[in-house]
Amino acid sequence: MPLFQKAVFHTTVAHLRDLPGDALSEVAFAGRSNAGKSSAINTLAGRVRLAFVSKTPGRTQHLNYFTLAEGKYFVDLPGYGFAKAPEEIRAQWEGLIGPYLTRRGPLVGLVLIMDIRRPFTDLDRRMIDWFRPTGRPLHILLSKADKLSRQDQTKVLRAVRAEIASWGSEKEAGRYSAQLFSSLKRTGIEEAEQVLAGWLGIPLPESRSVVTKPETAAAKQPVEKQKAPG
């Protein structure tokens, strides 16, 4: 049973002044357009259309808030890197998302969704470079893992974790983690739930309270550093 199954749509925010004032903690979801961001939110909530899945890249241009519990939210950010977007929409993205990520007090972490077949695009790296100075944790979901064989999944995950481990000191790298995820096969849900519940201060069911903490890049055994494919 999904931990966040009680999630419901709360509000759409087009201006920073309209951000919910009752927020205690919130987790933002970001990703390149069509990387599987909305599908990931739906899967974590155990819903089909909580977050709208669009076949048109760049359709979502505002912050969509979903209530998990009193004062605790998921926030769906606009997808970035969409093709042929009007300049005014690009400006809106930069004017809304940038200040939100860097100044929003209740923001406790960022989930970055990357298509496992194309991780670390230039736009992903720009998002990461933008977010890291905030000092908040970042968790990467390598979405659409079902598109690759198990061997290739492991290869990409190892490469991503190796790159994460190279980000600054061991203490800093410990704020970042990565995992495999598939909305289609519903794999990686419990691992993601454990990370997000910890950020949000939402208790896990007793039956899962003894689950081993997901490995961070810093906790992994040394692996051969290699650049992630992309």
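Anyway, here's the lowdown on the structure attached to this text. (Residues numbered from 1 in each chain as written. Predicted model: local features only at pLDDT ≥ 70, side-chain atom pairs only at ≥ 80, totals over all residues. Heavy atoms only, no water.)

1. Quick notes on the sheet that holds strand β7 (residues 176–180)
Taken together, seven strands build an open sheet; the order of strands is β1-β3-β4-β2-β5-β6-β7 and the sheet is mixed. Either end of the sheet is taken by a strand with one partner, and the two such strands are β1 (8–13) and β7. Each adjacent strand pair in this sheet contributes to an overall mean axis angle of 25°, direction not counted. Inspection of the sheet shows β1 paired to strand β3 (residues 63–69) by five bridges, in the antiparallel sense. Across the sheet, residue Phe9 finds its bridge partner in β3, namely Phe66. On top of the sheet, helix α3 (residues 122–131) reaches β2 (25–31), β5 (107–115) and β6 (138–143); it is set at about 165° to β5, its chief contact. (Pairing = 2+ DSSP bridges. Helix = DSSP H or I, 4+ residues; strand = E, 2+ residues; numbered from the N terminus. Axes fitted to C-alpha atoms, helices over the stretch in contact; angles between N-to-C directions. Contact = heavy atoms within 4.5 Å.)

2. So, the packing of aromatic side chains
Considering all chains together, one arrives at six aromatic pairs under this definition. When the centroid spacing of 5.3 Å and the interplanar angle of 75° are considered together, the rings of Tyr65 and Tyr73 count as edge-to-face. Through a chain of ring-to-ring contacts, three or more aromatic side chains come together here, namely Phe4, Phe29 and Phe74. (Phe/Tyr/Trp six-rings, centres within 6.5 Å; stacked < 30°, edge-to-face > 60°.)

3. Observations regarding unusual backbone geometry
Look at Asn34: it is not a glycine, yet its phi comes out positive at around 70°. Secondary-structure assignment places Asn34 in the loop between β2 and α1 (37–45). Notably, Lys144 is not glycine yet its phi reads approximately 60°, a positive angle. In this fold, Lys144 is placed in the loop between β6 and α4 (150–165).

4. Examining the side chain of Asp115
Assignment of secondary structure puts Asp115 in strand β5. Within the local environment of Asp115, its side chain forms a polar contact with the side chain of Arg117, the two groups lying 2.9 Å apart. Setting aside residues no more than four positions away along its own chain, Asp115 makes contact with Arg32, Ala35, Ser143 and Lys144. (Polar contact = N/O pair within 3.5 Å; in protein donor to acceptor, adjacent residues only side chain to side chain.)

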